[in-house]
Amino acid sequence: MKTILAVTSSPKSEGSVSNTLVEHFVQAWKDATPGAEVSHRNVGVNPLPHLDEATIGAIYTPEDVRSDAQRGLLAESDAVVEELEAADVIVIGAPMHNFSISSALKTWIDHAARVGRTFHYTAEGPEGQLKGKKVFVLTARGGNYGEGSPAHAMDHQTPYLKTVLGFLGLTDISFIHAEGVAQGQDGIDAAVLEIAASAPADMAA
Ligand SMILES: Cc1cc2nc3c(=O)[nH]c(=O)nc-3n(C[C@H](O)[C@H](O)[C@H](O)COP(=O)(O)O)c2cc1C
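These numbers were taken from a predicted model, which means no experiment stands behind them. (Residues numbered from 1 in each chain as written. Predicted model: local features only at pLDDT ≥ 70, side-chain atom pairs only at ≥ 80, totals over all residues.)

Draft legend 1. Just the overall build of the protein, in detail. What the protein contains, in helices and strands, is seven helices and seven strands. Helices and strands in the protein line up, N terminus first, as β-α-β-α-α-α-β-α-β-β-β-α-β-α. A compact globule built from 205 residues should have a C-alpha radius of gyration of about 17 Å, and the protein, at 17 Å, falls within 12% of that. If one aligns the C-alpha atoms of the protein with their principal axes, the spans along those axes are about 55 × 40 × 40 Å. (Helix = DSSP H or I, 4+ residues; strand = E, 2+ residues; numbered from the N terminus. Rg over C-alpha atoms; globule rule 2.2 N^0.38 Å.)

Next comes the structure, spelled out in C-alpha cells:
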C-alpha cells in the first residue's frame, strides 16, 4: 500500500491556490491507487514553532541522553520526521512569498532537517537519508517565473526547494507551478490539468 504525505503551507484557511492544487493531487492519487493512505500536515494554518535555542540544544543532544524536557520539546519535530519517513509519495503545496517559500514551510523544513535522522555526515560529505521517495511540489505565485520570462531569476522558491529537499535525499522531485494567479484563473487551470495528466501515471510507476 502506498502512503502519501500532503503538506500544505498557505496561511489561508480558505481560497488558497496551493491548497486547492494539493486537494486535486490527493484526489487524483487516491483515484489511481485504491486503498492509498493519506496523511495531512497543514503548517500554514497550524504552524510549527521556530527553532529556538532550547530546541536546537535538544536536537544536538544524542537521543539516549536527552532529558524528558528535551524529548518533550522535540515531540512535534519527531512527528514531522516520522511522517516523512513513512511516506512513499510527498506532495508539498508551496505559495510563493517574497520570491521564496512561506515562513511556515521554511519552519517545517527546519524541523525536517535532522542530523543523524534525515541526513548524516560521511567521510565523503553530507548524505540524505530520505531516499526512494517521490516528491511533487505544487506552487502558486502571483507573477510569472517560467523559463525565459523576465522574472525567472527571481524565483528562489524552486532552486531552494530542490537544494534542501535534495540534501535530505529527496532527489526525485517534480514541480507543477500555478503561474500568474494575480492575473486570473488560467495559470491555476493549467496546473490542475498538469496534475490530472501526470500524477496518477507517475504514482502508479
Ligand atoms: C505575503 C505574500 C507575499 C507574496 N509574495 C509574492 C512574490 O514574491 N511573488 C509573487 O509572484 N507572488 C507573491 N505573492 C502572491 C502569492 O504567491 C499568491 O497569492 C499565491 O496564490 C499564494 O498561494 P496561496 O493562495 O496558496 O496562499 C505573495 C502573497 C503574499 C500573501
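Draft legend 2. Representation of the sheet that holds strand S6 (residues 134–140). Strand order in the open sheet formed by five strands is S2-S1-S3-S6-S7, and the pairing between neighbours is parallel. Taken across any chain shown, the strands that pair with only one partner, and hence form the sheet edges, are strand S2 (37–42) and strand S7 (172–178). In this sheet, neighbouring strand axes are inclined to one another by 15° on average, regardless of whether the strands run parallel or antiparallel. Alignment of strand S3 (residues 89–95) against S6, held across seven bridges, turns out to be parallel. When the bridges of S6 are listed, Pro95 appears paired with Ala140. This element, helix H4 (residues 75–86), spans strand S1 (3–8), S2 and S3 of the sheet and lies at about 135° to S1. (Pairing = 2+ DSSP bridges. Axes fitted to C-alpha atoms, helices over the stretch in contact; angles between N-to-C directions. Contact = placed C-beta atoms within 7 Å.)

Draft legend 3. Structural detail: the pairing of S3. Summarising burial for S3: seven of the seven residues are buried, a large majority. Along S3, one buried face is formed by Val89, Val91, Gly93 and Pro95 and the opposite face, lined by Ile90, Ile92 and Ala94, is buried too. Bridge analysis of S1 against S3 gives four bridges, and the strand direction is parallel. Considered in S3, the bridge of Ile4 is made with Val89. (Buried ≥ 20, exposed ≤ 12 C-beta atoms within 10 Å, placed from the backbone.)

Draft legend 4. View of the site of the ligand. Taken together, 16 residues form the shell around the ligand, and within it Ser10, Ser18, Pro95, Gly142 and Gly143 come nearest. Of all the elements, helix H1 (residues 17–32) adds the most residues to the shell around the ligand, at three residues. For the shell around the ligand, the residue count by class is six nonpolar, eight polar and two charged. (Near = placed C-beta within 6 Å. Nonpolar A, V, L, I, M, F, W, Y, C, P; charged D, E, K, R; others polar.)

Draft legend 5. View of the pairing of S6. Burial within S6 is extensive, with six of its seven residues counted as buried. Of the strand pairs in this sheet, S6 and S7 are connected by seven bridges, and their pairing is parallel. Across the sheet, residue Ala140 finds its bridge partner in S7, namely Ala178. Following the backbone out of S6, through helix H6 (residues 157–167) and into the adjacent parallel S7, one traces a crossover that is right-handed. (Right-handed = clockwise from strand over helix to strand, strands pointing away.)

Draft legend 6. Expanded view of helix H5 (residues 103–112). Buried within H5 are the following residues: Ala104, Leu105, Trp108, Ile109, His111 and Ala112. Within H5, the buried residues cover an arc of 160° as seen down the axis, which keeps them to one side. (Arc of directions from axis to C-beta.)

Draft legend 7. Quick look at the packing of H4 against H5. Running from N to C, H4 and H5 cross one another at 85°; their axes reach a closest spacing of 8 Å. One finds that H4 runs roughly perpendicular with respect to H5. Contact residues: H4 offers Ser77, Val80, Val81 and Leu84, while H5 offers Trp108, His111 and Ala112. In terms of residue class, the contact of H4 with H5 is built from five nonpolar, two polar and no charged. (Parallel < 35°, antiparallel > 145°, perpendicular 65-115°, else oblique.)

Draft legend 8. Region of the structure containing the environment of Asn19. Tracing the chain through its elements places Asn19 in helix H1. The buried category is assigned to Asn19, around which 23 C-beta atoms lie within 10 Å. Considered as a pair, Asn19 and Ser9 are 10 residues apart in the sequence and their alpha carbons are 7.8 Å apart. Discounting residues that sit within four places of it in the chain, Asn19 has contacts with Thr8, Ser10 and Gly93.

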